[in-house]
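# An overview of the molecular structure
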Amino acid sequence: ATPSEKMDRFSWTDGVFLSFEKPVIQQPSIRLYDGENKTSFDSGTVRLTTHRIMWDDDEQEGRALALHHSLVKSLDQSASTITKSAKIVVHLLPPSLHRDQGPSVSSQFSYIKLSFRKGGQSDFLSLYKQTLSRKAWEVVQKPPVASRGDVKPSGRFRAGIVGIERSMQEKKHATDKQMSQAFQDLDGLIKKAKDMVTLADRFASKLEEKKGSVTDDETIAFKSYLLSIGIANPVTRETHGSGGVYHRELAKQLAQFLQKPLEESGGIMTLADVYCRFNRARGMELVSPDDVSSACRLFEQLRLPMRVKKFDSGVLVVQLTSHSEDSVVRETKELLHTTFLRRWTGR
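So, here is what we can say about the structure in this document. Bear in mind the structure is a predicted one, so any value in this text is a computation, not a measurement.

Conventions adopted
- Residues numbered from 1 in each chain as written.
- Predicted model: local features only at pLDDT ≥ 70, side-chain atom pairs only at ≥ 80, totals over all residues.
- Heavy atoms only, no water.
- Helix = DSSP H or I, 4+ residues; strand = E, 2+ residues; numbered from the N terminus.
- Buried < 20%, exposed > 50% of the residue type's maximum accessible area, 1.4 Å probe, protein only.
- Contact = heavy atoms within 4.5 Å.
- Areas by Shrake-Rupley, 256 points an atom, 1.4 Å probe, with all protein chains shown as cover.
- Salt bridge = Lys/Arg side-chain N within 4 Å of Asp/Glu carboxyl O.
- Pairing = 2+ DSSP bridges.
- Expected span 1.5 Å × (residues − 1).
- Bend = angle between axes of the 7 residues up to and from the residue.
- Phe/Tyr/Trp six-rings, centres within 6.5 Å; stacked < 30°, edge-to-face > 60°.
- Patch = residues over 30% accessible without salt bridge, like charges linked within 9 Å, V, L, I, M, F, W, Y side chains within 5 Å.
- Axes fitted to C-alpha atoms, helices over the stretch in contact; angles between N-to-C directions.
- Parallel < 35°, antiparallel > 145°, perpendicular 65-115°, else oblique.
- Left-handed = near helix turned anticlockwise from the far one by under 90°.
- Nonpolar A, V, L, I, M, F, W, Y, C, P; charged D, E, K, R; others polar.

If you tally the helices and strands in the chain, you get 8 helices and 14 strands. Counting every position in the chain, which comprises 347 residues, the buried fraction comes to 35%. Partitioning the contacts of the chain with sequence separation of at least 6, the portion at a separation of at least 24 is 61%. For the chain, the accessible area works out to roughly 22200 Å², and carbon and sulfur atoms hold 53% of it.

The next thing to look at is the pattern of salt bridges. In the structure shown here, the tally under the stated rule is 7 salt bridges. Its salt-bridge partner being Arg52, residue Glu21 comes within 2.9 Å of it at the nearest N-O pair. In this pair, Glu21 sits in the loop between β2 (11-12) and β3 (23-34) while Arg52 sits in strand β6 (residues 52-57), placing the two residues 31 residues apart along the sequence. Residue Arg52 is classed as buried on the basis of its relative accessible area of 0%. Glu249 is the salt-bridge partner of Lys252, the closest N and O atoms lying 3.6 Å from each other. Remark: Glu249 and Lys252 occur in helix α5 (residues 244-264); sequence separation between them is 3 residues, near one turn of the helix. Assessed through its relative accessible area of 41%, Lys252 is described here as partly exposed. Look at Glu249 and you get partly exposed, because its relative accessible area is 26%.

Quick look at the pairing of β6 now. Of all 6 residues in β6, 6 are buried; the element is thus mostly enclosed. The side-chain alternation of β6 yields two buried faces, one formed by Arg52, Met54 and Asp56 and the other by Ile53, Trp55 and Asp57. Relative to β6, strand β5 (residues 44-49) runs antiparallel, the two sharing 5 bridges. Its bridge partner lying in β6, Val46 is registered against Trp55.

With 21 residues, α5 ought to run about 30 Å at 1.5 Å a step, and its terminal C-alpha atoms sit 30 Å apart, in line with that. A maximum bend of about 40° is found in α5 at Leu258, where proline Pro261 lies one to four positions downstream. Regarding α5, the residues found buried are Tyr246, His247, Leu250, Ala251, Gln253, Leu254, Ala255, Phe257, Leu258, Pro261 and Leu262. Taken from the residues just after α5, Gly266 is the one with a positive phi, measuring 85°.

To continue, consider the packing of aromatic side chains. Enumeration over the complete set of coordinates arrives at 6 aromatic pairs. Ring centres of Phe124 and Tyr128 lie 6.1 Å apart, and the angle between their planes is 85°; on these two criteria the pair is classed as edge-to-face. Here Phe124 and its partner Tyr128 are both found in helix α1 (residues 121-134), 4 residues apart, which amounts to about one turn of the helix. With relative accessibility at 0%, the residue Phe124 sits in the buried group. An aromatic cluster of three or more residues is present, and its members are Trp12, Phe41 and Trp55.

Residues Phe340, Leu341 and Trp344 make up a contiguous nonpolar surface patch of roughly 380 Å² in combined accessible area. Along the chain, the position of Trp344 falls in helix α8 (residues 325-345). Trp344 gets classed as exposed once you look at its relative accessible area, which sits at 66%.

One can describe the packing of helix α6 (residues 271-282) onto helix α7 (residues 289-296) by two numbers: an axis separation of 10 Å at closest approach and a directional angle of 115°. Taken together, α6 and α7 sit at an angle that is classed as roughly perpendicular. Crossing of α6 over α7 shows right-handed handedness. Counted together, Leu271, Val274, Tyr275 and Phe278 of α6 and Pro289, Val292, Ser293 and Cys296 of α7 form the full contact between these two elements. Classifying every residue of the contact of α6 with α7 by side-chain character gives 7 nonpolar, 1 polar and no charged.

These results come straight from atomic positions and should not be treated as a statement about function.
Right, here's the structure in full:
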């Protein structure tokens, strides 16, 4: 055989599958031989695909080679012995004049060997022969119907820097397509949510018309249901403008919303809790912390049944006007006194 470049049928690769390429089998701890000579590609995982075999270094990340099936002439094997592992012999056709860059050390051999130090060569060889006989790389693939996550197909063998750049471009295209589809889905969800808000408004209007035939308890229950799913006609800047009018209407709705939660929590709640609960009930029509704070500070001016109070520690709370710190202190003292007496009297 005439001298040829060592491993010149192999090309460097990024290890990414091609568009129409499918995995067949893989085997770890494979050593590559250039003819009868050992190479520096001492231990790696070999992956057999429908279009090529790829060797990935087990220790050095990013060091990978690929051999396209179109360069394979025939396959043979040599059995293992006491001192030697079983090998698959891959006889190769002359290299293409236009090929991607690969290892560059001279050799006189026109075949390579795959050394299977942990066994498995029989199954690998059988599947390798079947794959070569099918010649999937020669089949002209039709572009698939575009769907989410599809990548533009390419029938050419890609490796080296050009292949990596093309793969990166295709991945970027696929990501952009996924993002576009995601935003379309989000737009659809927002539209449905607005339809739900419109429906709730219609129910609320009907409820106002039927005041005489609907009890107060039923009215309160219905409004609480709307608040629990966050669609109780929330006050927004789009419906009430900006500035003072918006904050006054927001304060009224906030007071209506907080009445029951405050009663259940002993008449007092931190401003942070107020913000979280209110936004959760509003669904997608969120308000900023500043707007919530501004609305709460209007409670007293609008004569609503709650106030904002700032403790010496700096903590801001919203409390019902009926909530008295003196009564809380008095009740606490009475409770402690009762508990103390019971312990001493045994009652």
